[in-house]
Amino acid sequence: FLRLINGPDWLPGPDPDEDVRTTIAGLRRRQRAVTQADWEALALEASPGLARALCVPRRNLDAGTEALRQADCPGHVSLVLVPGLADPTIDPAPQPGPDLIDKVAAYLEPRRILTTRPHFVGPTYAPVSVECLVARMPDIDEAGLRSAIASRLASFLHALTGGPDETG
């Protein structure tokens, strides 16, 4: 039975119980991109350089105009890919490069449903402005304080390392 599941080239190991466990674990592994969760999980499997993936079903976010991006497109799936960075201070709004997109697309190609048309895009970041009133002690340098506040705000708003729990 295990040879039927694993294929004709499969050879049993010394422990039949371990063979059964390994086969069942293989059956539970995602093999096809069908649901939103499948697309996202398989995209993250495609490359360790990918920090986040968001699946947007029935949309072509790669289309030319905003009206086309918002239109309902049955059979289309868009994946928003956010690359991970070794040094998050370099780029506060990271975009995936063509190599990363090609790697994810190649990994997902044999795993997609034949009639599904995937599109791979980078995130769109919303500009944020902050106005705040800060009371400082007279002995605190104003320029240094202004720089420290701007740095902390940029760190808090970073796409990958920001937020209260520093997960972006």
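Small disclaimer: the values here were computed from a predicted structure and weren't measured. (Residues numbered from 1 in each chain as written. Predicted model: local features only at pLDDT ≥ 70, side-chain atom pairs only at ≥ 80, totals over all residues. Heavy atoms only, no water.)

## Comments concerning the overall build of the chain
So, step 1. When you go through the chain residue by residue, the secondary structure sums to 6 helices and 3 strands.
So, step 2. Overall, the chain shows an N-to-C arrangement of helices and strands of α-α-α-β-α-β-α-β-α.
So, step 3. Since a compact globule built from 168 residues should have a radius of gyration of about 15 Å, the 23 Å found for the chain marks it as more spread out than a globular shape.
So, step 4. Across its three principal axes, the chain shows a C-alpha extent of roughly 80 × 45 × 25 Å.
So, step 5. When burial is assessed residue by residue, the chain has 25% of its 168 residues classed as buried. (Helix = DSSP H or I, 4+ residues; strand = E, 2+ residues; numbered from the N terminus. Rg over C-alpha atoms; globule rule 2.2 N^0.38 Å. Buried < 20%, exposed > 50% of the residue type's maximum accessible area, 1.4 Å probe, protein only.)

## Notes on the packing of aromatic side chains
So, step 1. Counting across every chain of the model gives 0 aromatic pairs.
So, step 2. Stacked on the ring of Tyr 107, the Lys or Arg Arg 111 has its end atom at 3.8 Å from the ring centre. (Phe/Tyr/Trp six-rings, centres within 6.5 Å; stacked < 30°, edge-to-face > 60°. Lys NZ or Arg CZ within 6 Å of the ring centre and 35° of its normal.)

## Describing the packing of helix α3 (residues 36–46) against helix α5 (residues 98–108)
So, step 1. Orientation of α3 relative to α5, taken along the N-to-C sense of each, is 120°, at an axis distance of 9 Å. Judged on the interaxial angle alone, α5 and α3 are oblique. Like other packed secondary-structure pairs, α3 and α5 cross with a definite hand, here right-handed. Mapping the contact onto sequence places Trp 39, Leu 42, Ala 43, Glu 45 and Ala 46 in α3 and Lys 103, Val 104, Tyr 107 and Leu 108 in α5.
So, step 2. Tallied by class, the residues present in the contact of α3 with α5 amount to 7 nonpolar, no polar and 2 charged. (Axes fitted to C-alpha atoms, helices over the stretch in contact; angles between N-to-C directions. Parallel < 35°, antiparallel > 145°, perpendicular 65-115°, else oblique. Left-handed = near helix turned anticlockwise from the far one by under 90°. Contact = heavy atoms within 4.5 Å. Nonpolar A, V, L, I, M, F, W, Y, C, P; charged D, E, K, R; others polar.)

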